[in-house]
Amino acid sequence: MSTARTFKLLIDGASVDGESLFDVINPATEEVVGRAPDATRQQLDQAVASARRAYPKWKETPIAERQAMVAALGRVINENIEELKRLLTAEQGKPLGDAEQDIGGGAYFCAQSAELTPPVEVHEDSDVRRSATYRVPLGVVCAIAPWNFPIAIAFWKVAPALVAGNTVVLKPSPFTPLTTLRIAELARDILPSGVFNVLSGSDRLGPWMTGHPGFDKISFTGSTATGRRVMESAAPTLKRLTLELGGNDAAIVLPGVDVQSAASQLFQAAFANSGQVCFAPKRVYVHSAVYEDFAASLAELAKQAKVGDGAEQGTSFGPIQNRPQYERVQDLIADCRTNGYGFLAGQDNVPDKGYFVPLTIIDNPPADARIVREEQFGPVLPLIRFDDIEAALEQANDCDYGLGGSVWGPPELAEEIALRMDTGMVWVNEFGSMAPSQPFGGRKQSGFGVENGMAGLLEYTSIHTIVTAKQANVA
Ligand code: TXE
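Residues numbered from 1 in each chain as written. Predicted model: local features only at pLDDT ≥ 70, side-chain atom pairs only at ≥ 80, totals over all residues. Heavy atoms only, no water.

Draft legend 1. A look at the overall build of the protein. Per the secondary structure count, the protein includes 15 helices and 23 strands. Taking 475 residues into account, the globule formula puts the C-alpha radius of gyration at 23 Å, and the protein, at 23 Å, falls close to it. Overall, the C-alpha framework of the protein stretches about 85 × 65 × 40 Å when taken along its three principal axes. Classification of the 475 residues of the protein by burial places 57% in the buried group. Taking all contacts inside the protein whose residues are at least 6 apart in sequence as the whole, residues at least 24 apart take part in 73%. Accessible surface, the protein as shown: approximately 19,400 Å² in total, 50% of it carbon and sulfur. The averaged location of the 57 negative side-chain charges in the protein is 8 Å from the averaged location of its 41 positive side-chain charges. (Helix = DSSP H or I, 4+ residues; strand = E, 2+ residues; numbered from the N terminus. Rg over C-alpha atoms; globule rule 2.2 N^0.38 Å. Buried < 20%, exposed > 50% of the residue type's maximum accessible area, 1.4 Å probe, protein only. Contact = heavy atoms within 4.5 Å. Areas by Shrake-Rupley, 256 points an atom, 1.4 Å probe, with all protein chains shown as cover. Lys, Arg positive; Asp, Glu negative; His and termini not counted. Charge placed at Lys NZ, Arg CZ, Asp CG, Glu CD.)

Okay, structure coming up:
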């Protein structure tokens, strides 16, 4: 019998046990961090029923009050950040500073969403009639969060859904449920019963949720393959969808770039969170004029970086979050070795125990290499040499995904290239700024719908257009 700490579900304003528990593993030590409840189908039904019961009152609650409660939720997350970040590092693997950013990001998005009020759009206000479109909530939202940014991404969904007047059932990833369950405890006394429910569970819970007729909307972040299944299970009741799926983002480094500055920014961009970022640069096209210098700078940074347990002082990069993902990344590295691609960094030792992968840079693999074509979602970065900018842009766009990208070099040319990248987001000579007012979302098989900003809030609403004759039709 394990002595690890156990956590509870949040259903209808009460902390409740699951019928059974599952172990959550620290990816740096492979030891059990804590035990999460495995929600049953009956508990899912209870959570959905409570969210449905809470919905009519919540949607009629003045928006200023809903905003105040979501802001209060953000504050309580921030007040407990010291405890929460240690728990997140233990279950997710990321260094403590990164864990603080992840949790702080969740709190920040609560605060920012609390500032947003859906607009009323007036189309006509004449002597004859007034025509205006209001925004109304959708109902009960199913939010499924991933393991790479368990808290920030969860609250990208939960905060705007609640502000817009929906009630929510949130499911964290089975790999990283604990910090979310602890936040659920903290939320219990802030939000009315049933407005916000949190269920953790094993692999059966996700499909149960997305197929559940009691949900009106699903907001899912995860892989493209699972996104397709989510879309299928949404079909019978035509649930609304926001899908933020995989990416294989290209970075294009132009001649004339400031090599040192671009290399150090791209290094952080590609390897932060050990490469487990949906919009991280996952293939870097570098012009021949700067290839050698750029590759050498990047390789030097990779060799100096400390990869280790995120709980240890001085660690910059943690392990891969979970074993299946670790095996996927190892398989891609093995494929690079088998095909004889050059390694500019990545042969060094990392701890034996834990899912550690050294920061790895592959030297100019061919366009059809798996490491170029597939999303690695780990710290392995291919650099691809080019001479012709048009050809590089064509290769960057030759991809089923369309999430993000970046261009580095002389600003005018870089921006011109950015405008021609087939993705939802492109950064030019900087990386990763995610202002809450900025809509974020993918094209092609990276999904659809947007998160953040007013556009993100409106995803949790439906239009409600009222046309009123000025000539009252009364006797
Ligand atoms: O995600 P999955 P995994 C990518 C990354 C990674 C790959 C696999 O490329 O290699 O996804 O990661 C639930 N209906 N990203 O296996 O399979 C499941 O319980 C409803 C990108 O972790 O997508 C889990 O909670 N739900 C990403 C969640 O879906 C279902 C972040 C994710 O599972 C379900 C993480 C179903 N049929 C990984 N099947 C990003 N975009 O940031 C599973 N689930």
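Text resumes after the structure shown.
Draft legend 2. Region of interest: the nonpolar core. In this structure, Phe 155, Val 168, Leu 170 and Phe 196 are the most contacted members of the largest nonpolar core, which totals 48 residues. Counting residues per element, this core draws most heavily on helix H5 (residues 150-163), which supplies 8 residues. Listed in part, the 30 residues of the second largest apolar core include Leu 254, Ala 369, Ile 371 and Ala 392. (Core = buried A, V, L, I, M, F, W, Y, C linked by side-chain atoms within 4.5 Å.)

Draft legend 3. Expanded view of the site of the ligand. Neighbouring residues of the ligand: 24 residues in total, closest Trp 147, Lys 171, Ser 223, Gln 325 and Glu 375. The side chain of Asn 148 places a nitrogen or oxygen atom 3.3 Å from an oxygen atom of the ligand. Contacts to the ligand include Thr 210, whose side-chain N or O atom sits 3.3 Å from a nitrogen atom. Among the elements of the structure, helix H7 (205-210), strand S11 (217-221), helix H8 (224-234) and helix H11 (323-338) are those that each provide at least two residues to the shell around the ligand. Among the residues making up the shell around the ligand, the classes are represented as 10 nonpolar, 9 polar and 5 charged. Two domains each donate at least three residues to the shell around the ligand, and these are domain 1 (9-245 + 446-465) and domain 2 (249-428). (Near = heavy atom within 4 Å. Polar contact = N/O pair within 3.5 Å; in protein donor to acceptor, adjacent residues only side chain to side chain. Nonpolar A, V, L, I, M, F, W, Y, C, P; charged D, E, K, R; others polar. Domains from an automatic or database assignment.)

Draft legend 4. Focus on the pattern of salt bridges. Per the counting criterion, the structure on display carries 25 salt bridges. When the shortest N-O distance is used, the salt bridge between Asp 38 and Arg 204 registers 3.5 Å. Note that Asp 38 is positioned in strand S5 (residues 32-38) and Arg 204 in the loop between strand S10 (196-198) and H7, a separation of 166 residues in sequence. Classification of Asp 38 by relative accessible area gives buried; the value is 10%. Salt bridges sharing common partners tie together Glu 82, Lys 85, Arg 86 and Glu 100. (Salt bridge = Lys/Arg side-chain N within 4 Å of Asp/Glu carboxyl O.)

Draft legend 5. The pairing of strand S9 (residues 167-171), seen in detail. A large share of S9 lies buried, amounting to 5 of its 5 residues. Looking at chain direction, strand S8 (residues 140-144) and S9 are connected through 5 bridges and run parallel. Note that in S9 the partner of Ala 143 across the bridge is Leu 170. For the crossover from S8 across H5 to S9, the handedness is right-handed. Bridge count for S9 against S10 is 3 bridges, and the pairing is parallel. Bridge pairing in S10 links Val 169 to Asn 197. Between S9 and its parallel partner S10, the chain crosses via helix H6 (residues 178-187), and the hand of that crossover is right-handed. (Pairing = 2+ DSSP bridges. Right-handed = clockwise from strand over helix to strand, strands pointing away.)

Draft legend 6. Spatial organisation of the domain arrangement of the protein. Per the domain assignment, the segments making up the protein are domain 1 (9-245 + 446-465) and domain 2 (249-428). Look at where the C-alpha atoms of domain 1 and domain 2 centre, and you get two points 31 Å apart. Contacts between the two partners involve 23 residues from domain 1 and, on the opposite side, 26 residues from domain 2. Overall, the association of domain 1 and domain 2 removes approximately 2,000 Å² of surface from exposure, summing both partners, and the carbon and sulfur fraction of that is 56%. Three residues, Glu 30, Trp 147 and Ser 446, lead the burial of domain 1 against domain 2; their summed loss comes to 27% of the area buried on that side. For the pair domain 1 and domain 2, the number of links is 1 salt bridge. (Buried area = accessible area lost by both parts, 1.4 Å probe.)

Draft legend 7. Structural view of the side chain of Ser 113. Its place among the elements puts Ser 113 in helix H4 (residues 96-113). Ser 113 sits in the buried class, given a relative accessible area of 7%. Not counting the four nearest positions on each side in its chain, Ser 113 is found in contact with Ala 159, Pro 160 and Val 163.

Draft legend 8. Broad picture of the sheet that holds S5. With mixed pairing, 3 strands are arranged side by side in an open sheet as S1-S5-S4. Of all the strands in the sheet, the pair left with one neighbour each is strand S1 (5-6) and strand S4 (20-25). Across 6 bridges, the pairing between S4 and S5 is antiparallel. Counterpart to Ile 25 in the pairing with S5 is Val 32. Across the sheet, H6 lies against S1, S4 and S5, angled at about 65 degrees from S5, the strand it touches most. (Axes fitted to C-alpha atoms, helices over the stretch in contact; angles between N-to-C directions.)

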